[in-house]
Every structure is written in structure tokens, then in C-alpha cells.
Amino acid sequence: NSYSGLDWAPVPFTTSQNYTSPETLLAQIATARQLNQKLVLAMTGGAHSNYITNGVFDLAKWTARMDQYKTPEIKSAVAAGVADGTIIGNSVMDEPEYHSWGGVMTKPMIDRMAEYAKAIFPTLPVGVNHGPNGYYLWRPQERYHVVDYVVNQYNWWVTSGDVSTWRDKVLAQARLDGVTPAFSLNVINGGVQDKD
């Protein structure tokens, strides 16, 4: 519920992926460590409009955001968080297949972003989040070479509930790309939508 505390459900979460800001990252890491939580960071998260110029993705805006994390304190805290297992990754892009990026996103572009992030945080695994219409359907002939992992979100409407086929297609693409796949579920759209 904040960078200094958690809201607890009947069964507590053990990992979260959150938008991260340079101003709050140190507190977020310290709190997660204290509460035995794992973090997937989103250093360049937030609205797509933060990274758009003239209707297309602007790599210069993205790198300027990453540059805000280049402080000795943040670098040290992230390295320590990776070393003790508090931080398990950093997502450099959310849903690259989404049309609002202006059609310029490619796997080689995301690899460039991953390479840039790894130059700042060499021990931090870097990944990308794909939405329900993403990953195995998006640029399947291209390959990731720098990205470490991909998160794949399941929505019922993509496969009419055939989650096994979806999983198998994700795993096959991950083998081609040489990345570790992770799975997520859209809690609202993971099942049959109740439009009434």
C-alpha cells in the first residue's frame, strides 16, 4: 500500500512488481527486505506518454529516465538487493506490442534497452512484460539476445480458456529466444468475462 508498508490479504503476497521511482527506491528495497518480500522493479514504468515523442517511442526519453538511477546509493542498494534475493528483476518495457508505442518497438530495440540497464546494474536480471496479445504472437521471427526473462499475461479471451495451448506456445517461443518465461494472470480477465 506504500513504499513503507504492505496491505495483507487472507494469504500474504510474497512478490510484487511495482512502478519504481528514484526517490522511493531505497525505501522500497529496505521495506521489502524487512518484510521478507521479493521485488520486480519497473524503473521505467508509468504512463506510455512519458516515453513518446510525436506518437512514437523515444529511446532518448527512456534512457534519460534510466539515468536518474545512476547514483552510488541506488547502485549499491540494487546490487545488495540482488545479492540477498530481495530484488529478482527489472522490467524495461510493459507490453511492447501495444499500439501506443507507435509501431517502432522490436526485440532488438528492447535488447538495446536491456543492455543499457545492465550497464548501470550489471547483476540485475532484466526482462519485459508482454500482454495477452503479446509474446509468441509478437515478432516471432525476431529473437531476444540480452533480455533475461519475459512475463506473459494470460487472459481468457485470447484462447477461449485453452490455457495449456497458450502455455505451450509461450514456452516454445521462450526456448527460441533463450529467455526464462514467467506467467501472470489478469485477475479481472483471467476467466470468462461477465459483461452483464
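Just above sits the structure.
Residues numbered from 1 in each chain as written. Predicted model: local features only at pLDDT ≥ 70, side-chain atom pairs only at ≥ 80, totals over all residues. Heavy atoms only, no water.

Caption draft 1: Structural view of the nonpolar core. Counting 43 residues, the largest nonpolar core has F57, V78, I110 and M113 as the members making the most contacts within it. Here this core gets 6 residues from one element, more than from any other, and that element is helix α4 (residues 107-120). Not counting residues up to four positions away in its chain, the partners in contact with F57 are Y51, I52, W62, M93, W101, V104, M105, M109 and M113. (Core = buried A, V, L, I, M, F, W, Y, C linked by side-chain atoms within 4.5 Å. Buried < 20%, exposed > 50% of the residue type's maximum accessible area, 1.4 Å probe, protein only. Helix = DSSP H or I, 4+ residues; strand = E, 2+ residues; numbered from the N terminus. Contact = heavy atoms within 4.5 Å.)

Caption draft 2: Structural view of the environment of P96. With respect to the element layout, P96 can be found in the loop between β5 (87-94) and α4. In this structure the C-alpha to C-alpha distance between P96 and G134, which are 38 residues apart in sequence, comes to 7.9 Å. In contact with P96, other than residues within four places in its own chain, are W101, M105, I110, V128, N129, H130 and W138.

Caption draft 3: Region of interest: the packing of helix α1 (residues 25-34) against helix α3 (residues 72-83). α3 packs onto α1 with a crossing angle of 25° between their chain directions and a minimal axis gap of 10 Å. The orientation of α1 relative to α3 falls into the category roughly parallel. Handedness of the crossing formed by α1 with α3: left-handed. Contact with α1, carried on its side by L25, L26, I29 and R33, involves E73, I74, A77, V78, A80 and G81 of α3 and no other residues of that element. Of the residues in the contact of α1 with α3, the class split is 7 nonpolar, 1 polar and 2 charged. (Axes fitted to C-alpha atoms, helices over the stretch in contact; angles between N-to-C directions. Parallel < 35°, antiparallel > 145°, perpendicular 65-115°, else oblique. Left-handed = near helix turned anticlockwise from the far one by under 90°. Nonpolar A, V, L, I, M, F, W, Y, C, P; charged D, E, K, R; others polar.)

Caption draft 4: Summary view of unusual backbone geometry. For N36, which is not a glycine, the phi torsion comes out positive at approximately 60°. Examined against the element boundaries, N36 turns out to sit in the loop between α1 and β2 (38-42). When its relative accessible area of 59% is taken as the criterion, N36 is described as exposed. Notably, R139 is not glycine yet its phi reads approximately 50°, a positive angle.

Caption draft 5: Region of the structure containing the packing of aromatic side chains. Summed over all chains, the structure comprises 4 aromatic pairs. On the numbers, 6.2 Å between centres and 70° between planes, the contact of W62 with Y116 is edge-to-face. Pair noted here: W62 is in helix α2 (residues 59-67) and Y116 is in helix α4, with a separation of 54 residues, a long-range link. Judged by its relative accessible area of 1%, W62 falls in the buried class. Members of the aromatic cluster, joined through ring pairs, are Y154, W166 and F183. Over the ring of Y144 we find K107; its NZ or CZ atom is 5.2 Å from the centre of that ring. (Phe/Tyr/Trp six-rings, centres within 6.5 Å; stacked < 30°, edge-to-face > 60°. Lys NZ or Arg CZ within 6 Å of the ring centre and 35° of its normal.)

Caption draft 6: Structural context of the sheet that holds strand β6 (residues 126-130). The strand order β1-β2-β5-β6-β7-β8 describes an open sheet built from 6 strands, whose pairing is parallel. Only two strands of the sheet have a single partner each, and these edge strands are β1 (15-19) and β8 (180-185). Between one strand axis and the next, the sheet turns by 30° as a mean value, whatever way the strands run. For β5 and β6, the ladder comprises 3 bridges, and the chain directions are parallel. By the bridge assignment, N90 is partnered in β6 with V126. Its contacts with the sheet put α4 on β5 and β6, and the angle it makes with β5 is roughly 140°. (Pairing = 2+ DSSP bridges.)

Caption draft 7: Broad picture of the pairing of strand β7 (residues 149-154). In terms of burial, β7 is largely enclosed, as 6 of its 6 residues are buried. Residues Y149, V151 and Q153 point to one face of β7 and V150, N152 and Y154 to the other, with burial holding for every one of them. Of the strand pairs in this sheet, β6 and β7 are connected by 4 bridges, and their pairing is parallel. Note that in β7 the partner of N129 across the bridge is V151. One ladder, built from 6 bridges, connects β7 with β8; its direction is parallel. In the sheet register, Q153 faces β8, and the bridge partner there is S184.

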